[in-house]
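Residue strings, one per chain:
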Amino acid sequence: MASSESLLPVTSQHDPLSESSSNSIPETRRRKPTKVHLVVYSGFLLIALYITLIVTHTRPVSTKGANDEKTVASRARLAGVSEKSNEHIWKMSDDREGEAFAWNNTMLSWQRTAFHFQPEKNWMNGPLFYKGWYHFFYQYNPNAAVWGDIVWGHAVSKDLIHWLHLPFAMVPDQWYDANGVWTGSATFLDDGSIVMLYTGSTDKFVQVQNLAYPEDPNDPLLLKWTKFSGNPVLEPPPGIGDKDFRDPTTAWKTSDGKWRITIGSKINRTGISLVYDTVDFKTYEKHDILLHQVPNTGMWECVDFYPVSKTKHHGLDTSVNGPDVRHIVKASMDDTRIDHYAIGTYYDSNGTWVPDNPSIDVGISTGLRYDYGKFYASKTFYDQHKGRRILWGWIGESDSEAADVQKGWSSVQAIPRTVVLDTKTRKNLIQWPVKEIESLRLRSKKFHKKIGPGTVVPVNVGPADQIDIEAEFKLKNEDLEVIFGDDSVEDDKDFSCETSGGATLRGALGPFGFSVLADQSLSEQTLVYFYVTKGKDSKLKTFFCTDTSKSTMANDVVKQVYGSFVPVLKGEKLTMRILVDHSIVEGFGQGGRTCITSRVYPTKAIYGATKLFLFNNATDATVTASFKVWQMNSAFIHPFSAVDDLVVPSST
């Protein structure tokens, strides 16, 4: 049993806009819809992400000069998207003194993940299920580890975990996508065929929507795609900026049999979602009324819209509606790089959506998030194969662009998550890693430990850089009674994971949890924990947090504290799950009510030196922890070859 001092030192405790607040926008040019027989839709997701750059196995990555970096940044600004810059990293870092950290190849090689999806090389960005295969199309830069030259990468999997890389699905070879093939979404028609809408950045950097479809519908691998000769099918309408019109959603059926989509944009500082109806995906009728808008939230990217059941724990096709259904609107905030969602009611008759609680509307800082860490440009798709809705998210880096270039890659995808409405609270979603991830579990160990205040306990599981932890915590009833019965203990109304100072802040009932990716001396560690406070009316209030402030000795890394309040209902124990895969840590509090993803870059806690600890830094509470730890196998993601299993299941 180690002293807790080295681990956790003690510390003391709508602006009005110029535009109208109505949902209407200026009248736009319309295309008359042409009737065509289309049929039922099934969902797909394509994550609009700016995502991973991975080094080739055959050639070294050259060092990127300052002039090149400025060129990339200016290209991103010209295209109307955000870019990563070292300046941003250094501004957010608390350790800016001196030169950037001297990374070596041993450290950088360790950072590459074992069971999270990454492209074979360079910079990347959602799946659909078709004829026995899950398909993932992603935004990818084949030429460098930075944003630019965006094509559609393509990978397939039988289980959402073991992926096989395929040739590019689409490249920017037309005037309407000359500066990038960006985010898109697929819709299944009545006959089972697929249409794909995607955003292209034109030769003049105007964002337009284009139509594509498989060249051979009988090909289960969907290797070749044909672009519609009449592209673009949608251009920015009057009142919308040329660089503020992107990321079409999967289409859903209206009550009168048309297809409907929404596209993210903004008017001044108001984030909006435009609505279009179509019968053939070639011509569209724009609604004068918006699906939704929220003032002062900026540009909405990667808008997502889907139904969730109020009573069932399974997913719903995007076209489902009815009295037992709520609808989710989610948008990625370009200004803050945060994915916000809200629960509300959809009105099919006029194509509008109203949030249940306007005080936590989409994009409001106190509103709901999918994830309180690094998680952006996410999108869901309906998996008709297993009757579930799957969420994918892009996990960017927290290091410098220079480090990305040195290692030759940038960003990963989060483990796919099932997403359902929390039928107990009805106020939030529940996210959980897909069941298939458990196929990677190897040997395991069970533990049952009682730990007193100010205690750190090593957990002997061997190397701890590829592990899955499921844990349950219980506080002694006597400790709770003492704290809540003592009027001298003040209510902690203002606690926040982000501003509390991290796991060093000691309270009567927390923090307690795990130190992952730690070295033996605890000089490097990432802490995932609960913090329980005495809330209003002496009610228990629980927070789920991740503290990366001590995750690395490097100084060119953003090291934040993430987290949020997590609902804990009467009679529930405190539970968490943690997936650790080298430089990514995914935490799930209370069965997935609150999720936190972080990127960490240890310099010493790598390879065999990576350790796991259990800690309790509370001042008064004794905690009992029951948990199980699995070592995790690699997913062995690799290029598709003739030796891979081509046998396709009979169901489609």
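Quick notes on the rules
- Within each chain, residue numbers correspond to sequence positions counted from 1 in written order.
- Under the rules for a predicted model, residues below a pLDDT of 70 receive no local features and side-chain atom pairs below 80 are neither given nor counted, while totals for whole chains, interfaces and linings still include all residues.
- Think of the side-chain values as coming from all heavy atoms in the structure, minus any hydrogens and water.
- Secondary structure is summarised from DSSP: a helix means a run of H or I of at least four residues, a strand means a run of E of at least two, and numbering begins at the N terminus for each.
- Counted as a polar contact is a pair of N or O atoms within 3.5 Å, where, for protein atoms, one must be capable of donating a hydrogen and the other of accepting one, and residues adjacent in sequence contribute only when both atoms are in side chains.
- Exposure categories follow from relative accessible area, calculated using a 1.4 Å probe and restricted to protein chains: below 20% of the type maximum is buried, above 50% is exposed, and the middle band is partly exposed.
- Two aromatic rings from Phe, Tyr or Trp, using only the six-membered ring of Trp, form a pair when their centres are within 6.5 Å; if the ring planes differ by under 30 degrees the pair is stacked, by over 60 it is edge-to-face, and anything between is tilted.
- The rule for a charge over a ring is simple: NZ of Lys or CZ of Arg within 6 Å of the ring centre, and within 35 degrees of the ring normal.
- Note: two strands are recorded as paired if DSSP finds a minimum of 2 bridges between them.
- As a per-residue measure, pLDDT tells how confident the predictor is, with possible values from 0 to 100.
- Any two residues whose heavy atoms approach within 4.5 Å are treated as being in contact.
- The set of buried Ala, Val, Leu, Ile, Met, Phe, Trp, Tyr and Cys residues whose side-chain atoms join them within 4.5 Å is what this entry labels a nonpolar core.
- Should a side-chain nitrogen of Lys or Arg be within 4 Å of a carboxyl oxygen of Asp or Glu, the pair is scored as a salt bridge.
- In this analysis an axis means a line fitted to C-alpha atoms, helices contributing only their contacting stretch, and an angle means the value between N-to-C directions, from 0 to 180 degrees.
- In this description, a disulfide is simply a cysteine sulfur pair whose atoms lie within 2.5 Å.

A. Structural view of the side chain of D399. Note that D399 resides in the loop between β22 (388-395) and α4 (401-407). Side chain to side chain, D399 and K407 meet in a polar contact 3.2 Å long.

B. Up close: unusual backbone geometry. For the peptide bond that leads from N231 to P232, omega is 0°, which places it in the cis range. Assignment of secondary structure puts P232 in the loop between β10 (225-227) and β11 (252-253). Omega for the bond connecting G510 with P511 falls within 30 degrees of zero, at 10°, which places this linkage in the cis form. Mapped onto the secondary structure, P511 falls in strand β30 (residues 509-518). Positioned with a positive phi, S411 is a non-glycine residue whose angle comes to about 80°. One can find S411 in the loop between β23 (409-410) and β24 (412-413). The phi dihedral of F636 falls on the positive side, at around 50°, and the residue is not glycine. By the element assignment, F636 lies in the loop between β38 (623-632) and β39 (638-639). Given a relative accessible area of 54%, F636 falls into the exposed group.

C. Main features of the packing of aromatic side chains. Under the defined criterion, the tally for this structure stands at 38 aromatic pairs. Consider the rings of F137 and W152, whose centres lie 5.6 Å apart with planes at 35°: the pair is tilted. Here F137, found in strand β4 (residues 133-140), pairs with W152, found in strand β5 (residues 151-157); they are 15 residues apart in sequence, far enough to count as distant. Seen in terms of ring centroids, F514 and F627 are 5.0 Å apart; in terms of plane orientation they differ by 80°. Their pairing is edge-to-face. In this pair, F514 sits in strand β30 while F627 sits in strand β38, placing the two residues 113 residues apart along the sequence. For the residue pair F514 and F627, the accessibility class agrees, reading buried in each case. Clustering of aromatic rings is evident, with ring pairs tying together F117, F136, Y138, Y140, W163, F168 and W392. The ring of W409 has R112 sitting right over it, with the charged end atom 6.0 Å from the ring centre.

D. Looking closely at the sheet that holds β4. Strand order across the open sheet formed by five strands is β3-β4-β5-β6-β39, with mixed pairing between neighbours. On the outer flanks of this sheet lie β3 (127-130) and β39, each paired with one strand and no other. Pairing geometry for β5 and strand β6 (residues 163-170), over five bridges, is antiparallel. Residue pairing in the sheet places W152 in a bridge with M170 of β6.

E. Focus on the confidence of the model for the chain. Looking at the chain as a whole, its pLDDT mean stands at 85, while 80% of the residues score no less than 70. Note on residues 84-90: pLDDT under 50 across the span, and 23 contacts to partners over four residues away in sequence or across chains. Scored below 50 in pLDDT, residues 647-652 shows 12 contacts in the model against residues more than four places distant or in partner chains.

F. Spotlight on the nonpolar core. One finds I469, F473, F514, M576, L612, L614 and F627 to be the most contacted residues of the largest nonpolar core, which totals 48 residues. Ranked by size, the runner-up nonpolar core spans 25 residues in total, among them V151, I415, I437 and L440.

G. Examining the pattern of salt bridges more closely. Taken as a whole and judged by the stated rule, the model has 32 salt bridges. With its nearest N and O atoms 2.8 Å apart, the salt bridge here joins D383 to R388. In this pair, the class of D383 matches that of R388, namely buried. A salt bridge links D519 to K604; the nearest nitrogen and oxygen atoms lie 3.8 Å apart. Of the two residues, D519 sits in the loop between β30 and β31 (526-534) while K604 sits in the loop between β36 (594-599) and β37 (611-616), which places them 85 residues apart along the sequence.

H. Summary view of the sheet that holds β10. The four strands lie next to each other as β7-β8-β9-β10, forming an open sheet whose pairing is antiparallel. Each having just a single partner strand, β7 (181-188) and β10 make up the two edges of the open sheet. Shown here is a sheet whose adjacent strand axes are inclined to one another by a mean of 30°, direction ignored. Where β7 meets strand β8 (residues 194-201), six bridges bridge the pair, whose relative direction is antiparallel. Looking at the pairing, F188 lines up with I194 of β8.

I. Focus on the state of the cysteines. Evaluated as defined, the whole model comprises one disulfide. Here C497 pairs with C545 through a disulfide, and the sulfurs are 2.1 Å apart. Residues C497 and C545 are joined through a disulfide that is left-handed, its torsion about the S-S bond being -60°. Note that C497 is positioned in the loop between α5 (477-484) and β30 and C545 in strand β32 (residues 540-547), a separation of 48 residues in sequence. An identical accessibility class is assigned to C497 and C545; each is buried.

J. The arrangement of the environment of G351 in detail. Structurally, the position occupied by G351 is in the loop between β18 (338-347) and β19 (352-355). Accessibility expressed as a relative area gives 1% for G351, which makes it buried. Sequence separation between G351 and L274 is 77 residues; the distance between their C-alpha atoms is 9.8 Å. When sequence neighbours within four positions are dropped, the list of residues in contact with G351 reads R260, V275, H287, L290, L291 and Y346.

K. Here's a closer look at the environment of D159. Looking at the secondary structure, you find D159 in the loop between β5 and β6. A residue is classified by how much of its surface remains accessible, and D159, at 17% relative accessible area, is buried. Sequence-wise, D159 and I437 are 278 residues apart; in three dimensions their C-alpha atoms are separated by 8.7 Å. For D159, the residues in contact, after removing those within four places along its chain, are Y134 and E436. A polar contact is formed between the side chain of D159 and the backbone nitrogen of I161, at a distance of 2.9 Å. A polar contact is formed between the side chain of D159 and the side chain of H162, at a distance of 2.7 Å.

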